[in-house]
Amino acid sequence: MFPFQPHLIDLTHPMHTAMPVFPGDPECRFQPHTDIATEGYRVACLHLGTHQGTHVDAPSHFLSDGATVESLPLTQLCGPAILINLESKGSPGSTIDVPDLAAYADLILPQSRVLIYTGWDANFGQAAFFVDSPGLTPEACRWLMARQVSLVGLDLPTLHPSLFAETHVPLLSAGIVVVESINLRPLLPFADEHIHLIVAPLPLTGLDGSPVRAMAAVWARPRPGGSSAHSTVHITPVTTAHQMLDAFAIRDTVFVEEQGVDMREEHDALDREALHLLAYVDGEAVGTLRLLLNGTEATVGRFAVLKSHRGQGIGRALMEWVIAWAPTAGVTKLKLHAQTHALGFYQSCGFRAHGPEFMEAGIPHRTMERDVP
Ligand code: COA
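Quick caveat, the model's predicted, so the values are computed rather than measured.

With that out of the way, let us pick up the overall build of the chain. Looking only at helices and strands, the chain has 9 helices and 19 strands in total. By its C-alpha atoms, the chain is 75 × 60 × 35 Å across when sized along the principal axes. When contacts within the chain are restricted to residue pairs at least 6 apart in sequence, those whose partners lie at least 24 apart make up 69%. When the 23 basic and 39 acidic side-chain charges of the chain are each reduced to a single mean position, those positions are 10 Å apart.

Next comes the structure, spelled out in structure tokens:
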């Protein structure tokens, strides 16, 4: 179980009979095949195109020998994604060109999944959605291809309203997954969060695309009851190897270099089963802790904030995240071994000390705990 329950956000437009379709595509019709009154059970018959609603394009959509939809790698369809807000491009006939994307060059990296919001989704469900929509220029598609992104998702019906081959061929021939008519509007409040995209096409063997259920998992910071003096601190659970290295780097700096703890003692096997948190300020990882779960109890450990950032509310923000998260994971008690110099910090977070002082890693400690309401 992954006890950091993500917030799941549906990015799929609902589908229904007679919904407007891309000009020339099959109409969308759901009709009963059997009924409870007559056969005793309900089965429906679907009539629709492979590019109906929120959907994925397989390479075979434009390439005669291109891969078909059932072979799209799940690892490419699901994973971290970035959301680019190009709302200024949401008017009829707007083009998204290289400079519009290049402004985000530091985010659009090899293997990135890039989600482009324009606001054009406001027209979804009307014939107008398919008329004179904004589009990516062929140059912008080639730019994305050169960046070696793995997926491009847009809230548009197609990459470009008229330059079909010029835009699809560069992306599809590079093996880039194209997701069209994805509803990115509900994701806007989470644009700065870690977004984990899930795009699930049906394995329609030999076909050129499929409607999908698209969703995003976000681990937005719960709103803590208290206040943090630091307004820009951003807390996130560690979900990638890169973040794990950030957490280890902070611990090495604080515990090994600053406090002289033996490196072999600092890194232990519990790191593999622990849940780790990171605190970022202005994109820099500055604080971390780990949580070990045991039924309704969680033990907080390896709590460190870089010296340069102490006394700014980052430690408190991390602990407030834990206190807000605990009930969602069924945790009712938090425990920790506090270095005695930090007793005041933990007391200010509602912990009480128990038992005598003891030595751990050559540093005096006391056991502390608090209930979680
Ligand atoms: N003693 C008493 N109070 C302390 C304290 C300390 N050592 N450190 C912080 N506080 C208080 C702050 O004054 C603040 O109180 P306020 O909100 O009333 O102003 C509150 O605790 C929160 O402080 P904050 O700025 O959020 O703490 P921090 O970001 O500096 O992080 C530690 C606290 C302990 C994580 C950080 O000092 C640290 O990394 N220390 C080195 C590593 C370490 O010892 N880790 C603990 C291992 S058990």
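Our focus in this paragraph is the site of the ligand. In the vicinity of the ligand, 21 residues are found, and the nearest of them are Phe303, Val305, Gly313, Gly315 and Arg316. In the environment of the ligand, an oxygen atom lies 2.7 Å from a nitrogen or oxygen atom belonging to the backbone of glycine 315. At 2.8 Å, a side-chain N or O of histidine 341 approaches an oxygen atom of the ligand. If you list the elements that add at least two residues to the shell around the ligand, you get strand S16 (297-305), helix H8 (314-325), strand S17 (333-339) and helix H9 (343-348). Ranked by residue count, the leading element in the shell around the ligand is H9, at 4 residues.

Of note, glutamine 148 is a non-glycine position whose phi angle comes to about 60 degrees, a positive value. Tracing the chain through its elements places glutamine 148 in the loop between helix H3 (138-146) and strand S9 (151-154). The residue serine 181 is not glycine, and still its phi comes out positive at about 55 degrees. The exposure class assigned to serine 181 is buried, which follows from its relative accessible area of 3%.

Looking now at the packing of aromatic side chains. Scanning the entire structure with this criterion turns up 8 aromatic pairs. Note on phenylalanine 22 and phenylalanine 130: the rings are 5.8 Å apart at their centroids and 85 degrees apart in plane angle, and the pair reads as edge-to-face. Residue phenylalanine 22 is located in the loop between strand S1 (7-10) and strand S2 (29-34), and its partner phenylalanine 130 is located in the loop between strand S7 (113-117) and strand S8 (135-136); the two are separated by 108 residues in the primary sequence. Cluster of aromatic residues (ring-pair linked, three or more members): Phe22, Phe124, Phe129, Phe130 and Phe164.

Let us look at helix H5 (residues 241-258). End to end, H5 covers 24 Å across 18 residues, agreeing with the expected 26 Å (1.5 Å per residue, within 8%). When the local axis directions of H5 are compared, the greatest deviation, roughly 30 degrees, occurs at aspartate 252. For H5, every residue scored as buried is listed here: Gln243, Met244, Ala247, Ile250, Arg251, Asp252, Val254, Phe255 and Val256. Glycine 260 lies just past H5 and shows a positive phi near 75 degrees.

Our focus in this paragraph is the sheet that holds strand S19 (residues 363-371). Spatially, S13-S14-S15-S16-S17-S19-S18 is the arrangement adopted by the 7 strands of the open sheet, whose pairing is mixed. Taken across any chain shown, the strands that pair with only one partner, and hence form the sheet edges, are strand S13 (233-237) and strand S18 (352-360). This sheet shows a mean twist of 25 degrees between the axes of neighbouring strands, independent of strand direction. Bridge count between S17 and S19: 7 bridges; the pairing is antiparallel. Among the inter-strand pairings, alanine 338 is bridged to a residue of S19, identified as arginine 366.

Burial along strand S11 (residues 195-201) is one-sided: Ile195, Leu197, Val199 and Pro201 are buried, while His196, Ile198 and Ala200, pointing the other way, are not. Summarising the sheet, strand S5 (residues 78-85) and S11 pair through 4 bridges and their orientation is antiparallel. The residue of S11 that forms the bridge with alanine 81 is isoleucine 195. For S11 and strand S12 (residues 209-218), the ladder comprises 7 bridges, and the chain directions are antiparallel.

For the structure shown, the criterion picks out 17 salt bridges. One salt bridge connects arginine 310 with glutamate 258, and the closest N-O pair in it is separated by 2.9 Å. Highlighted residues: arginine 310 in the loop between S16 and H8 and glutamate 258 in helix H5, separated in sequence by 52 residues. Judged by its relative accessible area of 34%, glutamate 258 is partly exposed. When salt bridges that share partners are traced, they join Arg251, Glu266, Asp268, Asp271, Arg290 and Arg302 into one network.

Counting residues in each nonpolar core, the largest one holds 47 residues, and the members touching the most others are Met319, Trp325 and Tyr346. A total of 8 residues in this core trace back to one element, the largest contributor, which is H8. One finds Cys28, Leu86, Leu101 and Phe124 within the second-largest nonpolar core, a separate group that totals 29 residues.

As a further point, take the packing of H3 against helix H4 (residues 164-173). Interhelical geometry of H3 versus H4 gives an angle of 5 degrees and a closest axis separation of 8 Å. Our classification of the angle between H3 and H4 gives roughly parallel. On H4, the residues that touch Pro138, Cys141, Arg142, Leu144 and Met145 of H3 are Glu166, Thr167, Pro170 and Leu171. Split into classes, the residues belonging to the contact of H3 with H4 amount to 6 nonpolar, 1 polar and 2 charged.

Criteria and thresholds
- Residues numbered from 1 in each chain as written.
- Predicted model: local features only at pLDDT ≥ 70, side-chain atom pairs only at ≥ 80, totals over all residues.
- Heavy atoms only, no water.
- Helix = DSSP H or I, 4+ residues; strand = E, 2+ residues; numbered from the N terminus.
- Contact = heavy atoms within 4.5 Å.
- Lys, Arg positive; Asp, Glu negative; His and termini not counted.
- Charge placed at Lys NZ, Arg CZ, Asp CG, Glu CD.
- Near = heavy atom within 4 Å.
- Polar contact = N/O pair within 3.5 Å; in protein donor to acceptor, adjacent residues only side chain to side chain.
- Buried < 20%, exposed > 50% of the residue type's maximum accessible area, 1.4 Å probe, protein only.
- Phe/Tyr/Trp six-rings, centres within 6.5 Å; stacked < 30°, edge-to-face > 60°.
- Expected span 1.5 Å × (residues − 1).
- Bend = angle between axes of the 7 residues up to and from the residue.
- Pairing = 2+ DSSP bridges.
- Axes fitted to C-alpha atoms, helices over the stretch in contact; angles between N-to-C directions.
- Salt bridge = Lys/Arg side-chain N within 4 Å of Asp/Glu carboxyl O.
- Core = buried A, V, L, I, M, F, W, Y, C linked by side-chain atoms within 4.5 Å.
- Parallel < 35°, antiparallel > 145°, perpendicular 65-115°, else oblique.
- Nonpolar A, V, L, I, M, F, W, Y, C, P; charged D, E, K, R; others polar.

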